[in-house]
Amino acid sequence: MRDRWLRFLLLSRQLPFSPLGSRVHQCRTTLLCPRTALVDQRATFFSLRRFCSSPEVVNEPAKDVLDQTDLLGRIFAEIGKSDDEIKEALDSKNISITHELVLGFFQSSNASLDVDRRVFDWVSRNHGEKLSSKSYNWMLGILGSNGAATDVWEMIELMKRKGYGVSKGAYDRILEKFQTDGLDDDVEKLKNLYSSGSISCRNNDVGSALDKLAYGVSELIRREIWGDHVEKQLSDLNVEFSTGLVVKVLDGLQSDTNKALIFFRWIQETGAFVHDQRTYNVIARILSREDHSQKFGSLCSEMRSKGYEFEKETYIHILQQFIQRKMLKDAVDLYEFAMAGTDKPSTRDCTFLLKKIVVSKELDMELFKRVIRCFTANGNSLTDAHLSAVIKSLVSVGKFMTEWDPILSTMEEAGYSRSYWGNHELAFKLSREDKSGKLLDNGLYRPGDHGTWHSLIEGYCSSGNMAAACKCFRLMLEKEGVEAAGYGHLLDLLVTTFCTKSTPLRGYNFISEMVNEKGLRPSHTAYKTLISKLLSKLHLKEALATMSMMKAHGYPPSLDLFMNYLSQKGSPEEAVEFTKALMSKKLPATSIYIQLLSQYIAAGRISEAQELLSKCPKYIRNHGDVLNVFCSNQI
């Protein structure tokens, strides 16, 4: 045994000999990790002691590391960046992700929890080999000190699967926060797990040795071209491979997918280890980092034949990798595989995949159908929320009008039945995107469903397609009848949109048609809005005709709008037309003339006031109050 270890030491690094201790396991560790062979026994003991029972010792990062951690925080503070955009930002700042940088960031971080999460998740996805047990413990402590109880337990489970223990420092931070927040159940659970050793560092001297052993094995594989000599060196180690050791070695080989897979197969074929669900999950995550579709598919088939399935974290990680590289077929294959297991993806994953499929460059309806079939075959039902999400995605890439029909048909074939609310949303989105107005020929409306009509009209108004909006309104009256249509607020909307689009004349023509031919009654607000916009565009004749319709419906005629317009811009002739429009069976009240003349004079339009007076009826010209208006202003 002694000769084997000496031979391995000489073959690997040929470092100075370190005497073998009484514990073979500890001796293996020291030899496999040459760096620690240079550290004296007392320093090694102190390191182990501190790792097991003391809070994390914060060694102040070097100044350049501090500068980089600050830049790292700023980059990840920007929400919504893709992995590629983050990588470009890091490259532009000459920031290279290292274990020391990640630790320095968490040790000196004063960022928000969301930023810390984004940093950890991004590094985990893209540089998982840079995260150590200490990195996980720092992130765990941050989660705990922020009271994120659910995330704490998920992180602990993840660490257990990786073979990492929880440091005393992280434990103390979590416990203190749980106690402060009154989370008694979580406090009790944490204490029980810690006292039982399930998450404690009491055996971290063993864990540390395992880390060093795994490091030595992965270093041996990384630095050599795989061949018989590498296999011989591994065999000569006489290592008893456990799940924890295999997981750590594979983690150390993440940057070299081929070697990780070769090692995975080698220990299986030589009988050195029988893979379980945990090690299959690790190699699956590694394969997903690069384009190994065929190998990944074979691995999935192998896992299924052995009754293994993906853990939730593995599934999420691989799905993100596939989506980022736009490998939609692989993502759908993964979804189908995961849905066949006991720990099925959430219903949100179906929506997520459907959205990604419809926004792809070329819509693959077969992938769309596969996701829906898999989802519904597992006892789930499509809802309005799925339709809404898909519609929103289609609209975002400008493919709504060309693709919505086959998508909706596929969903309905899978058992989806639109509710009134779903039909209303679909109608609104469709009409907003329907530039040609052809949608009205597709029979989207349902008899008696006034809401769909309203949604169609609102969508057309939202996009400014007033010709289609008016056509739809007329069709609604024809199909549903004037009494049943509930047209009031729609007339207001149509008038307001016409005015907003600076086309009040079209609004006037439409209102005239609806009042005179259909017998509709617009609201007082709609009339006032239309008159105001007509006057602003100097369309007095149409404004007066609108006022006549107002009066016929019993509304007050909004004299102030006309008075303001006439006194500022109107001619005396227009003022006379206004007074005539006010006539019924008797002449306009004297007060109307007095108000008109007063406003002309107040606006400094003396000559126009005098001309208007000359055009007034004789009984107005001779009226004492009218003469007083001129006398009081010394005219």
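Here the structure is a predicted model, which is why all the values come from computation and not from measurement. Note that residues are indexed from 1 along each chain, following the sequence as it is written. The predicted nature of this model means local features are confined to residues of pLDDT at least 70 and side-chain atom pairs, given and counted, to a pLDDT of 80 or more, with totals for whole chains, interfaces and linings taken over all residues. Heavy atoms from the whole structure form the basis of all side-chain values; hydrogens and water molecules are not counted.

Topic: the overall build of the chain
Right, so step 1: Secondary structure elements follow DSSP: runs of H or I of four or more residues count as helices, runs of E of two or more count as strands, with numbering from the N terminus. If you tally the helices and strands in the chain, you get 38 helices and zero strands.
Right, so step 2: Each residue is assigned to one of three classes by its accessible area relative to the maximum for its type, calculated with a 1.4 Å probe on protein chains only: buried under 20%, partly exposed between the two thresholds, exposed over 50%. Burial analysis of the chain (635 residues in total) assigns 48% to the buried set.
Right, so step 3: Within the chain, contacts between residues separated by at least 24 positions form 67% of all contacts whose residues are at least 6 apart in sequence.
Right, so step 4: When the accessible surface of the chain is split by element, carbon and sulfur atoms take 50% of a total near 30,700 Å². Any two residues having at least one pair of non-hydrogen atoms within 4.5 Å are treated as being in contact. Residue-level accessible areas treat just the shown protein chains as cover; the underlying method is Shrake-Rupley with a 1.4 Å probe.

Examining the nonpolar core
Side chains of a nonpolar character, in soluble globular proteins, are inclined to be buried together.
Right, so step 1: Judged by nonpolar contacts, the single largest core of 76 residues is most densely connected at Phe263, Phe310 and Phe368.
Right, so step 2: By residue number, the principal contributor to this core is helix H20 (residues 328–339), which donates eight residues.
Right, so step 3: To form a nonpolar core, buried Ala, Val, Leu, Ile, Met, Phe, Trp, Tyr and Cys residues must be joined to one another through side-chain atoms within 4.5 Å. In terms of nonpolar packing, the next biggest core, distinct from the first, is built from 64 residues, Cys470, Met476, Ala581 and Tyr600 among them.

Looking at the side chain of Thr546
Right, so step 1: Checked against the element boundaries, Thr546 lands in helix H32 (residues 540–552).
Right, so step 2: Take Thr546: its relative accessible area is 0%, and that puts it in the buried class.
Right, so step 3: In contact with Thr546, not counting residues within four places along its chain, are Tyr508, Tyr527, Leu530, Ile531 and Leu534.

Digging into helix H29 (residues 488–500)
Right, so step 1: Multiply 1.5 Å by the residue count of a helix minus one, and that product is the helix's expected span. An ideal rise of 1.5 Å per residue puts 18 Å on 13 residues; H29 measures up with 19 Å between its terminal C-alpha atoms.
Right, so step 2: If you follow the buried residues of H29, they end up packed against helix H26 (450–463), helix H27 (466–480), helix H30 (504–516) and helix H31 (524–536).
Right, so step 3: At the exit of H29 stands Ser502, carrying a positive phi of roughly 60°.

Focus: the pattern of salt bridges
Right, so step 1: Counted as salt bridges are all cases of a side-chain nitrogen of Lys or Arg within 4 Å of a carboxyl oxygen of Asp or Glu. Here the structure, examined in full by the defined rule, presents 16 salt bridges.
Right, so step 2: Notably, a salt bridge pairs Arg370 with Asp333, separated by 2.5 Å at the nearest N-O pair. Residue Arg370 is located in helix H22 (residues 365–377), and its partner Asp333 is located in helix H20; the two are separated by 37 residues in the primary sequence.
Right, so step 3: Salt-bridge contacts for Glu513 lead to Arg474; the nearest nitrogen and oxygen are separated by 2.9 Å. Note that Glu513 is positioned in helix H30 and Arg474 in helix H27, a separation of 39 residues in sequence.
Right, so step 4: Judged by relative accessible area, which is 18%, Glu513 ranks as buried.
Right, so step 5: For Arg474, a relative accessible area of 32% corresponds to the partly exposed category.

Considerations on the packing of helix H34 (residues 572–582) against helix H36 (residues 606–615)
Right, so step 1: Axes here refer to lines fitted to C-alpha atoms; in helices the fit is confined to the stretch in contact. Angles between the N-to-C directions go from 0 to 180 degrees. Direction vectors running N to C along H34 and H36 enclose 45°, while the axes themselves pass 9 Å from each other. Between H34 and H36, the angle is such that the two are oblique. Both H34 and H36 take part in a crossing whose hand is right-handed. Residues Pro572, Glu573, Ala575 and Val576 of H34 touch H36, and the partners they reach there are Glu608, Glu611, Leu612 and Lys615.
Right, so step 2: Classes in brief: Ala, Val, Leu, Ile, Met, Phe, Trp, Tyr, Cys and Pro nonpolar; Asp, Glu, Lys and Arg charged; the others, Gly included, polar. Broken down by class, the residue content of the contact of H34 with H36 amounts to four nonpolar, no polar and four charged. An angle counts as roughly parallel when it lies under 35 degrees, as roughly antiparallel when it exceeds 145, as roughly perpendicular when it falls between 65 and 115, and as oblique in every other case. Note on convention: the crossing is left-handed when the near helix lies turned anticlockwise from the far helix by less than a right angle, right-handed when the turn is clockwise.

Notes on a positive patch on the surface
Right, so step 1: A cluster of basic side chains, namely Lys326, Lys355, Lys356 and Lys392, defines a positive patch on the protein surface.
Right, so step 2: Among the secondary structure elements, Lys392 is positioned in helix H23 (residues 384–396). Note that patches include only residues with greater than 30% relative accessible area and no salt bridge, and the join distances are 9 Å for like charges and 5 Å for nonpolar side chains (Val, Leu, Ile, Met, Phe, Trp, Tyr). When charges are counted, neither His nor the chain ends are considered; positive counts come from Lys and Arg and negative counts from Asp and Glu. Charge placement uses NZ in Lys and CZ in Arg. For Asp and Glu, CG and CD serve respectively.

Let's talk about unusual backbone geometry
Right, so step 1: With phi around 55°, Asn94 is a residue other than glycine that occupies positive phi space.
Right, so step 2: Secondary-structure assignment places Asn94 in the loop between helix H6 (83–92) and helix H7 (99–108).
Right, so step 3: Even without being glycine, Lys326 reaches a positive phi, approximately 60°.
Right, so step 4: In this fold, Lys326 is placed in the loop between helix H19 (312–324) and H20.
Right, so step 5: By relative accessible area, Lys326 is classed as exposed at 70%.

Considerations on the state of the cysteines
Right, so step 1: Defined by distance alone, a disulfide is two cysteine sulfur atoms within 2.5 Å. One pass over the full model with this rule turns up zero disulfides.
Right, so step 2: Summary of cysteine pairing: Cys350 is not part of a disulfide, and the nearest cysteine sulfur, belonging to Cys374, is at 8.5 Å.
Right, so step 3: Of the residues examined, Cys350 reaches a relative accessible area of 0% and is grouped as buried.

So, the packing of aromatic side chains
Right, so step 1: The criterion for an aromatic pair is that two Phe, Tyr or Trp rings (for Trp, the six-membered ring) have centres within 6.5 Å, with stacked assigned to planes under 30 degrees apart, edge-to-face to planes over 60 apart and tilted to the rest. Under the criterion given, the structure shown has 14 aromatic pairs.
Right, so step 2: For the ring pair Tyr527 and Tyr555, a centre distance of 5.9 Å and an interplane angle of 65° mean the geometry is edge-to-face. Placement of Tyr527 in helix H31 and of Tyr555 in the loop between H32 and helix H33 (559–568) is noted, with a sequence separation of 28 residues between them. The residues Tyr527 and Tyr555 share a single accessibility class, namely buried.
Right, so step 3: Among the aromatic residues, those joined into a ring-pair cluster are Phe296, Phe310, Phe322 and Phe337.
Right, so step 4: Lying over the aromatic face of Trp153, Lys189 brings its terminal NZ or CZ to 4.2 Å of the ring centre. Comment: the charge-over-ring label is applied if NZ (Lys) or CZ (Arg) is within 6 Å of the ring centre and within 35 degrees of the ring normal.

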